[in-house]
Amino acid sequence: MSRIRTRVRPDAEASAAIDGAAHRYEYRLLLILFLAFGFVFFDRQALPFLAPYIAEDFHLSNTELGTLSGVLALTWALSGLVAGRLSDKLGKRKPILIAAVVLFSCFSAAGGLMTGFLGLLVARALMGVAEGAVLPLAQSLMVEASRESRRGLNMGLLQGSSAGLMGGVLAPLAVVWIAEFHGWRTALLLTIVPGLLLAVWIAKSVREVPPGDPAQIAAAEVIPETTAGPKLSVREVLGHRNIVLCMAAACCYLTWFIVIVTFTPSYLLTVKDFSPSTMSGVMTCLGVGWVLWGFLTPAVSDRIGRKPTMIAFSATAALCPLALVYVNDPVVLGLVVVLTYTGLGCFTLFMATIPAETVPRGALATALGLVMGVGELAGGFLAPVIAGRASDVWGLQTAMFISAGGAVVVVLLSLGLRETAPQVLRRRAERTGTADGSGAVVAGAAE
């Protein structure tokens, strides 16, 4: 017996050591990518919060402010489409991610050196090229390192809560304070520092292949060979109903989001006559809601399903821009927007989790790039330009009604989604097996 025990123990200890290394890497990767994508949104959100100061210097109209937001979304979209497809073909994500982080930090800071609208437009366009590559690469790295039980939570923290904390909470506090005391140019110039530090950390700590048992590593190591030629064409990826619906939802939800973050600071200052500090406080409340729902929404979807979560939380999100129009007390408004700013948690579902659970892993970055790219083109690029023009003609409150309409359309689109949450599919299969008098459990997967 003792001889058998001594033979088994090394294998058990080795397995435990591998599991421990995999879990430590999962948490470390989550922290790195949380900060990386968080600073993407810190830099992206800096301009809307600085818009009142920049508009005063450059005499910008609402249409020009919308164009500055829209051009970043346009180049972000095109970059996401190319980067996702390229990484799937090459089987390499880390070097592309490092380059993207370095470049978006440099271009963000370059905005502080510009002397007019055209220069700022070019800087924002180049910044979008770099930033667009980050999300599909980060989420594809994260999904491979995540345990099934934490997939939705990890992806929600990476995409939703990180952007909310860094772009929604810290950005309005930091950049408005710096702009008040040192000028908006200084606020943009300082954005280069965290990005360069993160690029070094990614280079040292992120792996192409997450740690795991030898079989997993062997399977992962063949990814570059299998993705050198496309496993699925773009047409085949678009053959999945969920992907098409997620792309349409991305167009509408980005309309909801980009219009809110682009025009709310100016709306609160010029229409509601809030002070800069009060405006910053309300925007921070949006950020608090962003962080809160950014991880709660995907975590809830792990338990009740992706589809019902999308429907319920999107309906709630439609109330947020309406509250900005009709609630006048800043304290009450802050509370209401925290409770209704639920849409950012849904972003993780339709941009990452549902596509990841719908297509084969070899086509994952392609699917993520398609959803993000098409959404940014329509909702990120066109919507703020249209909303800006409409606001110049009919008033800034028009932008808020356009935003609310985007969330309402998402509710309707979500009715057509096929469920992909593993726990929900497993429970359905077990119920079906019980009803049929069979012990077999069907391994469900969304088409």
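Residues numbered from 1 in each chain as written. Predicted model: local features only at pLDDT ≥ 70, side-chain atom pairs only at ≥ 80, totals over all residues. Heavy atoms only, no water.

## Some points on the overall build of the chain
Working step 1: In terms of helices and strands, the chain carries 20 helices and zero strands.
Working step 2: Burial status across the chain gives 57% buried among its 447 residues.
Working step 3: Within the chain, residue pairs in contact and separated by at least 24 positions form 86% of the contacts whose partners lie at least 6 positions apart.
Working step 4: Carbon and sulfur atoms make up 67% of the accessible area of the chain, which amounts to about 17,700 Å² in all. (Helix = DSSP H or I, 4+ residues; strand = E, 2+ residues; numbered from the N terminus. Buried < 20%, exposed > 50% of the residue type's maximum accessible area, 1.4 Å probe, protein only. Contact = heavy atoms within 4.5 Å. Areas by Shrake-Rupley, 256 points an atom, 1.4 Å probe, with all protein chains shown as cover.)

## Points about the environment of Asn154
Working step 1: Position of Asn154 among the secondary structure elements: in helix α6 (residues 151-182).
Working step 2: Look at Asn154 and you get buried, because its relative accessible area is 0%.
Working step 3: Remark: the alpha-carbon pair of Asn154 and Thr348, spanning 194 residues in sequence, is separated by 9.8 Å.
Working step 4: With residues near it in sequence (within four places) discarded, Asn154 still touches Glu26, Leu30, Met142 and Ser146.
Working step 5: At 2.7 Å, the side chain of Asn154 forms a polar contact with the side chain of Glu26. (Polar contact = N/O pair within 3.5 Å; in protein donor to acceptor, adjacent residues only side chain to side chain.)

## What to know about the packing of helix α12 (residues 241-270) against helix α17 (residues 343-356)
Working step 1: Contact geometry for α12 and α17: axes closest at 10 Å, N-to-C directions at 155°. As summarised for this structure, α12 and α17 are arranged roughly antiparallel, according to the angle between their axes. For the crossing formed where α12 meets α17, the hand is left-handed. Judged by residue contacts, Asn242, Ile243, Cys246, Ala249, Ala250, Tyr253, Leu254, Trp256 and Phe257 of α12 engage Gly343, Leu344, Cys346, Phe347, Phe350, Met351, Ile354 and Pro355 from α17. (Axes fitted to C-alpha atoms, helices over the stretch in contact; angles between N-to-C directions. Parallel < 35°, antiparallel > 145°, perpendicular 65-115°, else oblique. Left-handed = near helix turned anticlockwise from the far one by under 90°.)

## Overview of the packing of α6 against α17
Working step 1: At a closest axis distance of 9 Å, the pairing of α6 and α17 adopts a crossing angle of 130°. Taken together, the axes of α6 and α17 are oblique relative to one another. Two packed elements cross with a definite hand, and for α6 against α17 that hand is right-handed. Residues Met155, Gly156, Gln159 and Gly160 of α6 lie in contact with α17, whose contacting residues are Leu344, Phe347, Thr348, Met351, Ala352, Thr353 and Ala356.
Working step 2: Classifying every residue of the contact of α6 with α17 gives six nonpolar, five polar and no charged. (Nonpolar A, V, L, I, M, F, W, Y, C, P; charged D, E, K, R; others polar.)

## Notes on unusual backbone geometry
Working step 1: The phi dihedral of His59 falls on the positive side, at around 55°, and the residue is not glycine.
Working step 2: When you line up the elements, His59 lands in the loop between α1 (2-58) and α2 (62-90).
Working step 3: A positive phi angle is found at Asp273, which is not glycine, with a value near 60°.

## Some words on the nonpolar core
Working step 1: Formed by 123 residues in total, the largest nonpolar core has its most connected members in Trp256, Phe257, Tyr341 and Phe350.
Working step 2: Looking at which element gives the most residues to this core, the answer is α1, with 21 residues.
Working step 3: Residues contacting Trp256, with those up to four places away along its chain left out, are Ala317, Ala318, Pro321, Tyr341, Gly343, Leu344, Phe347, Ser403 and Ala407.
Working step 4: Grouped together as the second largest cluster of nonpolar side chains are six residues, Met155, Ala352, Ala356 and Leu364 included. (Core = buried A, V, L, I, M, F, W, Y, C linked by side-chain atoms within 4.5 Å.)

## Focus: α2
Working step 1: Between its first and last C-alpha atoms α2 spans 42 Å; for 29 residues at 1.5 Å apiece the expected length is 42 Å, and the two agree.
Working step 2: Where α2 ends, the next residue or the one after it, Gly91, has phi of about 70°, a positive value. (Expected span 1.5 Å × (residues − 1).)

## Section: helix α18 (residues 364-394)
Working step 1: Taking 1.5 Å per residue, 31 residues should reach 45 Å; α18 reaches 42 Å between its end C-alpha atoms and fits that length.
Working step 2: By the largest-angle criterion, Glu376 marks the main kink of α18, which is about 35°.
Working step 3: The positive-phi residue at the C-terminal boundary of α18 is Gly395, with phi of around 105°. (Bend = angle between axes of the 7 residues up to and from the residue.)

## Thoughts on the pattern of salt bridges
Working step 1: Tallied over the entire structure, the rule returns four salt bridges.
Working step 2: Of the charged contacts in the structure, one is a salt bridge between Glu208 and Arg93, with a shortest N-O distance of 3.5 Å. Within this pair, whereas Glu208 is found in the loop between α8 (192-205) and α9 (214-221), its partner Arg93 is found in the loop between α2 and α3 (94-110), the two being separated by 115 residues in sequence.
Working step 3: Of the residues examined, Arg93 reaches a relative accessible area of 8% and is grouped as buried.
Working step 4: Where Arg306 meets Asp302, a salt bridge forms, and the shortest distance between an N and an O atom there is 2.7 Å. Asp302 shares its class with Arg306; the two are buried.
Working step 5: Each of the salt bridges in this network shares a partner with another, and the network as a whole consists of Arg93, Glu144 and Glu208. (Salt bridge = Lys/Arg side-chain N within 4 Å of Asp/Glu carboxyl O.)

## Considerations on a positive patch on the surface
Working step 1: Taken together, the side chains of Arg303, Arg427, Arg428 and Arg431 define a basic patch exposed on the protein surface.
Working step 2: The leading source of residues in the positive patch is helix α20 (residues 422-435), at three residues.
Working step 3: Summarising the element assignment, Arg431 is placed in helix α20.
Working step 4: Since its relative accessible area comes to 53%, Arg431 is described here as exposed. (Patch = residues over 30% accessible without salt bridge, like charges linked within 9 Å, V, L, I, M, F, W, Y side chains within 5 Å. Lys, Arg positive; Asp, Glu negative; His and termini not counted. Charge placed at Lys NZ, Arg CZ, Asp CG, Glu CD.)

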